[in-house]
Amino acid sequence: MRQDHLISAADLSREDIEAVLDHAAEIDANPAAFRQRHAGKVLGLCFFEPSTRTRMSFDTAMKRLGGQTVDMGPVESSSVKKGETLADTVRVVEGYADSLVLRHPSEGAAQMASEFVDVPLINAGDGAGQHPSQTLLDLYTIRENAGLDDLTIGIMGDLKYGRTVHSLAEALTNFDARQHFVSPESLRLPRNVRYDLHASGSQVKEHTELDEVLPQLDVLYVTRIQRERFPDENEYRKVAGEYQIDMETLEAASDDLTIMHPLPRVDEISSDIDETDHAKYFEQAHNGIPVRMALLDILLSQDR
Amino acid sequence: MTENHELRVSKIQNGTVIDHVAGGQALNVLALLGIDGTRGETVSVGMNVPSDRLGRKDIVKVEGRELSQSEVDVLSLIAPAASINIVRDYEVVEKSRVVRPETVSGIISCPNTNCISNADEPIKARFTVLSDGVRCDYCDTIVREDEVAANLDVS
Ligand SMILES: [Zn+2]
């Protein structure tokens, strides 16, 4: 990779992405070979927002490389509660670890933090900004199931605040992918992502209804529409209901359709779909381990 | 309507004349340059002066101060057509146009209230200049050219 940190998917070239995915496949095929790879190294986990899943995934990935992790614990019991700035926190924790993983509720937090530390920093979610390590595992899953070139993908749900969506859309501009964005009018892609997609010359279309594009999709990436994005319960129910999929929805889909979701889901994908060959969301979650192992291995092995 | 437009704002002996500022932006120009009159300099402002090029333009004249290129380049964000005239002894000795800087720092605040640059951190808001606006280096929010004036952080 060209840089020491992983802050935004927009920083990733096709070569960067392929290097991580190829390395992840190598690890996936023979995990035992990497068991002692980073023995003695420590990964610092700084989660300023609850996230058991991503935290566990990084924790496991580091341990499977032979390394260890230190966790700052919940925000309620830390110095942050006493009013410490993020800039101070990361400069302190940097002294304990060889690399940092940061999740923070403010957009731009990871970019700022990276300006204060010398160890590699991975953005594990900054508000409604970016979540690039999720994107790498999403791309790994897409590559395994549908291929990354000559791809037609539908990305549906909360496109405005969904950081996994922003990162995925930006990363896919490196590939021959036609991107269809399906969302309610009020949750369309933000201006900056739109700007980048336009600037990259990617084939992008926006829709308010899934049926307009479902039959042509190779991959459908579903995200959750959250209650708090709407002023009242009725409006939320009405809108969210239109972006849920079940067996009946899939009658119009290709037999080879791959369905993905960054999880956790609530009711966007009905559970009877889980038993079909379309459902790849649990496989996607499992891919987080080899992909994060590959990412950590690359970042920790760089000469700095 | 035959009177000389230039006479609407008095000539200065030494200093800087910022001409061809988009109509209505003169006070933002002063704010961006950090000129508020408290240092005693003579400042004259002409607003909505008829102009062949801009229809209506503003003119700002600052007596006793020669503004450097880097000081005035930031004006390109709100007054891209502005021209800068350095005056010595009533004569224009240097004329230049504003050039768009690559980045601007501490001048515009990010309109995204959830951006880390608006939190209590030891950083200044920093933007990369695009052809038609600016983009927050932290949260990626894009502020269009016509929105820049409303987000100036000058105090
Ligand atoms: Zn910002």
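Note that the coordinates shown come from a computational prediction; the quantities given were computed from them, not determined experimentally.

A. Main features of the coordination of the zinc ion. Residue and element names in this part refer to chain B. Ligation of the zinc ion by protein atoms is provided by Cys110 (SG), Cys115 (SG), Cys136 (SG) and Cys139 (SG), these donors lying 2.3 Å from the ion. Read in sequence order, the donor residues coordinating the zinc ion give the pattern C-x4-C-x20-C-x2-C. Considered together, cysteine 136 and cysteine 139 belong to a single accessibility category, that of buried residues.

B. The domain arrangement of chain A, seen in detail. Residue and element names in this part refer to chain A. Per the domain assignment, the segments making up chain A are domain 1 (3-129 + 287-299) and domain 2 (131-283). The C-alpha-based centres of domain 1 and domain 2 are spaced at 25 Å. Facing 34 residues of domain 1, the contacting portion of domain 2 comprises 23 residues. A buried area of about 2300 Å², summed over both sides, lies between domain 1 and domain 2, and 57% of it is on carbon and sulfur atoms. Of all residues in domain 1, Arg14, Leu21 and Asn287 bury the most surface against domain 2, accounting for 26% of the area lost on that side. Here domain 1 and domain 2 share three salt bridges between them. A salt bridge links arginine 163 to glutamate 49; the nearest nitrogen and oxygen atoms lie 3.3 Å apart. Counting across the interface, domain 1 meets domain 2 through 13 residue pairs in polar contact (both at pLDDT 80 or more).

C. Representation of the packing of helix H5 (residues 132-145) of chain A against helix H6 (residues 163-172) of chain A. Residues and elements named next belong to chain A. In contact at an axis separation of 9 Å, H5 and H6 are set at 60° when each is read in the N-to-C sense. Comparing the axis directions of H5 and H6 gives the class oblique. Crossing handedness for the pair H5 and H6: right-handed. Here Pro132, Gln134, Thr135, Asp138, Leu139 and Ile142 of H5 come into contact with H6, specifically with Thr164, Ser167, Leu168, Ala171 and Leu172.

D. Inspection of the packing of aromatic side chains at higher detail. All names here are of chain A. This model, assessed by the stated rule, comprises two aromatic pairs over all chains. Look at phenylalanine 230 and tyrosine 236: their rings are 6.0 Å apart centre to centre, the planes differ by 50°, and that puts the pair in the tilted class. Owing to a relative accessible area of 8%, phenylalanine 230 belongs among the buried residues under this scheme. A relative accessible area of 17% places tyrosine 236 in the buried class. Between the NZ or CZ atom of arginine 229 and the centre of the ring of tyrosine 161, over which it lies, the distance is 3.9 Å. A cation over a ring is seen here: arginine 292 above phenylalanine 58, with NZ or CZ 4.7 Å from the ring centre.

E. Highlighting the nonpolar core. Leu102(A), Ile18(B), Ile108(B) and Phe127(B) are the most contacted members of the largest nonpolar core, which has 58 residues in total. Looking at this core, the element that brings in the most residues is helix H1 (residues 26-33) of chain B, giving five residues. Those residues within four positions of Leu102(A) in sequence are excluded, and the remaining contacts are Cys46(A), Phe48(A), Leu86(A), Ala109(A), Ala110(A), Ala113(A), Leu121(A), Ile122(A), Asn123(A), Ala124(A) and Gly125(A). Ala9(A), Ile153(A), Val165(A) and Ala169(A) belong to the second largest nonpolar core, which has 51 residues in total.

F. Seen up close, the domain arrangement of chain B. All names here are of chain B. In terms of domain boundaries, chain B breaks down into domain 1 (15-97) and domain 2 (103-151). Placing the centre of domain 1 and that of domain 2 at their C-alpha centroids yields a distance of 24 Å. Across the contact, eight residues belong to domain 1 and eight residues belong to domain 2. On the domain 1 side of the interface with domain 2, the three residues burying the most area are Val74, Leu77 and Ile78, jointly 70% of the side's total. On the surface where domain 1 and domain 2 come into contact, there are zero salt bridges. Across the contact surface, domain 1 and domain 2 share zero residue pairs in polar contact (both at pLDDT 80 or more).

G. Geometry of the interface of chain B and chain A. On the side of chain A, 18 residues touch chain B, which itself brings 20 residues to the contact. Counting the surface chain B buries against chain A, the share from its top three residues, Asn114(B), Ile116(B) and Ile142(B), is 31%. Counting the contacts that link chain B with chain A gives three salt bridges. A salt bridge links Arg135(B) to Asp196(A), with the nearest nitrogen and oxygen atoms 2.7 Å apart. If you look at where chain B meets chain A, you find 11 residue pairs in polar contact (both at pLDDT 80 or more). Secondary structure elements with two or more residues in the side of chain B that touches chain A: strand S7 (126-130) and strand S9 (142-144) of chain B. In terms of residue count, the dominant contributor to the side of chain B that touches chain A is S9(B) (three residues).

H. Structural context of the sheet that holds strand S4 (residues 83-88) of chain B. Residue and element names in this part refer to chain B. Pairing in this open sheet of five strands is antiparallel, and the strands run S2-S3-S1-S4-S5 from one edge to the other. Of all the strands in the sheet, just strand S2 (43-51) and strand S5 (91-97) have a single pairing partner and so form its edges. Shown here is a sheet whose adjacent strand axes are inclined to one another by a mean of 20°, direction ignored. The pairing of strand S1 (residues 15-22) with strand S3 (residues 55-63) spans six bridges and is antiparallel. Its bridge partner being in S3, valine 17 is matched across the sheet by lysine 61. This element, H1, spans S1, S2 and S3 of the sheet and lies at about 145° to S2.

What counts and how
- Residues numbered from 1 in each chain as written.
- Chains lettered and ligands numbered in written order.
- Predicted model: local features only at pLDDT ≥ 70, side-chain atom pairs only at ≥ 80, totals over all residues.
- Heavy atoms only, no water.
- Donors = N, O, S within 2.8 Å, 3.2 Å for Na, K, Ca; no water.
- Buried < 20%, exposed > 50% of the residue type's maximum accessible area, 1.4 Å probe, protein only.
- Domains from an automatic or database assignment.
- Contact = heavy atoms within 4.5 Å.
- Buried area = accessible area lost by both parts, 1.4 Å probe.
- Salt bridge = Lys/Arg side-chain N within 4 Å of Asp/Glu carboxyl O.
- Polar contact = N/O pair within 3.5 Å; in protein donor to acceptor, adjacent residues only side chain to side chain.
- Axes fitted to C-alpha atoms, helices over the stretch in contact; angles between N-to-C directions.
- Helix = DSSP H or I, 4+ residues; strand = E, 2+ residues; numbered from the N terminus.
- Parallel < 35°, antiparallel > 145°, perpendicular 65-115°, else oblique.
- Left-handed = near helix turned anticlockwise from the far one by under 90°.
- Phe/Tyr/Trp six-rings, centres within 6.5 Å; stacked < 30°, edge-to-face > 60°.
- Lys NZ or Arg CZ within 6 Å of the ring centre and 35° of its normal.
- Core = buried A, V, L, I, M, F, W, Y, C linked by side-chain atoms within 4.5 Å.
- Pairing = 2+ DSSP bridges.

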